[in-house]
Amino acid sequence: KIRELKASAKRLALWGKVYDNEKLARKAKSMEKRVEKMEENKTFVTRGSGLKLSLDVKHSHANRMIQIEDQQIMSPGENPSALFHIEDFLIRPGDRVALLGHNGTGKTTLIKQILNHYHGNKGGQIVKFNPQCDIGYYDQELEMLNPERSMVQSLTDNCPGSENDNKTALIKAGFPYLDLDKKVGVLSGGEKARLMFLIIKLNKPNFLILDEPTNHIDIQGKEELETQILDANATVLITSHDRRFVDIIADRYVLIDKGKLVEIHDPQVFYDIERPAPVKAGNNPASRTIALDNEDSILQRMVELEMLLAEDKARKQKFQKPRMQDDWLQEIGKLNTMLE
């Protein structure tokens, strides 16, 4: 977040000079102050932390791990609505499947329904599990970890083994002996993530479900996780906005799109539709009125367009969209005119 704000502040300051716009310059200074406050509060796991990330998984000789056939996936809550339909979704041992889709299409809902059936009705008809299926789940919100329990207690709550075994496991994972009684609530995001992966390692599942597993770990942790998954030949179902992680880990891709779960052969298909085409300011009177009345919305949209341009230009030439780049540049010009 800090990196994003710094980049946005730098762009706004530059636009303020280029367009001689005091509003942009003031917004840039405001962002810089936010960055200063965030710098004071940030915590992270550095390369010097000594923490190690590793996974041990069991192997299954079954012909499938899970299968879902002809099912409508519904939203949670008292008044559920249809999210998407699954005609046939099969995961075999050794498959590394990336679940792709826009935010809000139902990726996490599908994962939670799989887990609910696994824990509550493993022999049911909605999700068919192999009897050997043993799931290890990484929750992107890390809600499995009780913030009031210590690291040792967290292992005791979720893993087999004695207290001494758990202390040894934590020390081997790089957690200092004097910190073992620290409550989970005071740990950094990276430390919580590595604790969660240690719990998975000690349970030795044969099927990993990883929901945004790279959100809380640093570059070194990502590289360790990638190596561990590939070396273990693990069966994996992942969701992730980290394109590099998806490209390295997954060998199958399923996409939630237009109310269906479909298999695709290249994740670029999803990346090309990941962001809907922007609405031109001149073509939509409603959006133009909102923008004129809300300076922050204009600035936010300008930053978003700059990010879209940077992301598209970073792609290989054959995957770039020159026409959309021209549209984005034109919209930036129009939005700047509105600010003036």
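Check the entry above for the structure.
So, here is what we can say about the structure in this document. (Residues numbered from 1 in each chain as written. Predicted model: local features only at pLDDT ≥ 70, side-chain atom pairs only at ≥ 80, totals over all residues. Heavy atoms only, no water.)

### What to know about the packing of helix H1 (residues 2-18) against helix H2 (residues 22-41)
Turning to step 1, where the next piece is worked out: The N-to-C vectors of H1 and H2 enclose an angle of 160°; their axes lie 8 Å apart at closest approach. Compared by their axis directions, H1 and H2 come out roughly antiparallel. Between H1 and H2 the crossing geometry is left-handed. On the side of H1, the interface is formed by Ile-2, Leu-5, Lys-6, Ser-8, Ala-9, Leu-12, Ala-13, Trp-15 and Gly-16, while H2 contributes Leu-24, Ala-25, Lys-27, Ala-28, Met-31, Glu-32, Arg-34, Val-35, Met-38 and Glu-39.
Turning to step 2, where the next piece is worked out: Of the residues belonging to the contact of H1 with H2, the class tally is 12 nonpolar, two polar and five charged. (Axes fitted to C-alpha atoms, helices over the stretch in contact; angles between N-to-C directions. Helix = DSSP H or I, 4+ residues; strand = E, 2+ residues; numbered from the N terminus. Parallel < 35°, antiparallel > 145°, perpendicular 65-115°, else oblique. Left-handed = near helix turned anticlockwise from the far one by under 90°. Contact = heavy atoms within 4.5 Å. Nonpolar A, V, L, I, M, F, W, Y, C, P; charged D, E, K, R; others polar.)

### Topic: unusual backbone geometry
Turning to step 1, where the next piece is worked out: Here the phi dihedral of Leu-142 falls at roughly 55°; this positive angle occurs in a residue that is not glycine.
Turning to step 2, where the next piece is worked out: Turning to its location among the elements, Leu-142 is positioned in the loop between strand E5 (135-138) and helix H4 (151-158).
Turning to step 3, where the next piece is worked out: A relative accessible area of 9% means that Leu-142 is categorised as buried.
Turning to step 4, where the next piece is worked out: Notably, Lys-258 is not glycine yet its phi reads approximately 55°, a positive angle.
Turning to step 5, where the next piece is worked out: The residue Lys-258 is located in the loop between strand E8 (252-257) and strand E9 (260-264) in this model. (Buried < 20%, exposed > 50% of the residue type's maximum accessible area, 1.4 Å probe, protein only.)

### Observations concerning the packing of aromatic side chains
Turning to step 1, where the next piece is worked out: For the coordinates displayed, the defined rule picks out three aromatic pairs.
Turning to step 2, where the next piece is worked out: Taken together, a centroid distance of 6.0 Å and an interplanar angle of 55° make the contact between Phe-270 and Tyr-271 tilted.
Turning to step 3, where the next piece is worked out: Residue classification places Phe-270 among the buried residues on the basis of a relative accessible area of 6%. (Phe/Tyr/Trp six-rings, centres within 6.5 Å; stacked < 30°, edge-to-face > 60°.)

### Brief notes about the packing of H4 against helix H6 (residues 189-203)
Turning to step 1, where the next piece is worked out: Here H4 crosses H6 at 35°, and the two axes come no closer than 10 Å. Between H4 and H6 lies a crossing of right-handed hand. Across the interface between the two elements, Met-151, Ser-154, Leu-155 and Asn-158 from H4 touch Leu-195, Leu-198, Ile-199, Leu-202 and Asn-203 from H6.
Turning to step 2, where the next piece is worked out: Classifying every residue of the contact of H4 with H6 by side-chain character gives six nonpolar, three polar and no charged.

### A few points about the pairing of strand E1 (residues 66-74)
Turning to step 1, where the next piece is worked out: The pairing of E1 with strand E2 (residues 82-91) spans eight bridges and is classified as antiparallel. For Met-74, the partnering residue across the bridge sits in E2 and is Ala-82.
Turning to step 2, where the next piece is worked out: Taken together, the two bridges between E1 and strand E4 (residues 128-129) define a ladder with antiparallel strand orientation. Paired with Gln-67 across the bridge in E4 is Lys-128. (Pairing = 2+ DSSP bridges.)

### What to know about the side chain of Gln-325
Turning to step 1, where the next piece is worked out: Among the structural elements, Gln-325 can be located in helix H12 (residues 322-339).
Turning to step 2, where the next piece is worked out: A relative accessible area of 11% places Gln-325 in the buried class.
Turning to step 3, where the next piece is worked out: Here Gln-325 is in contact with Leu-309, Asp-312, Lys-313 and Gln-320, once residues within four sequence places are set aside.

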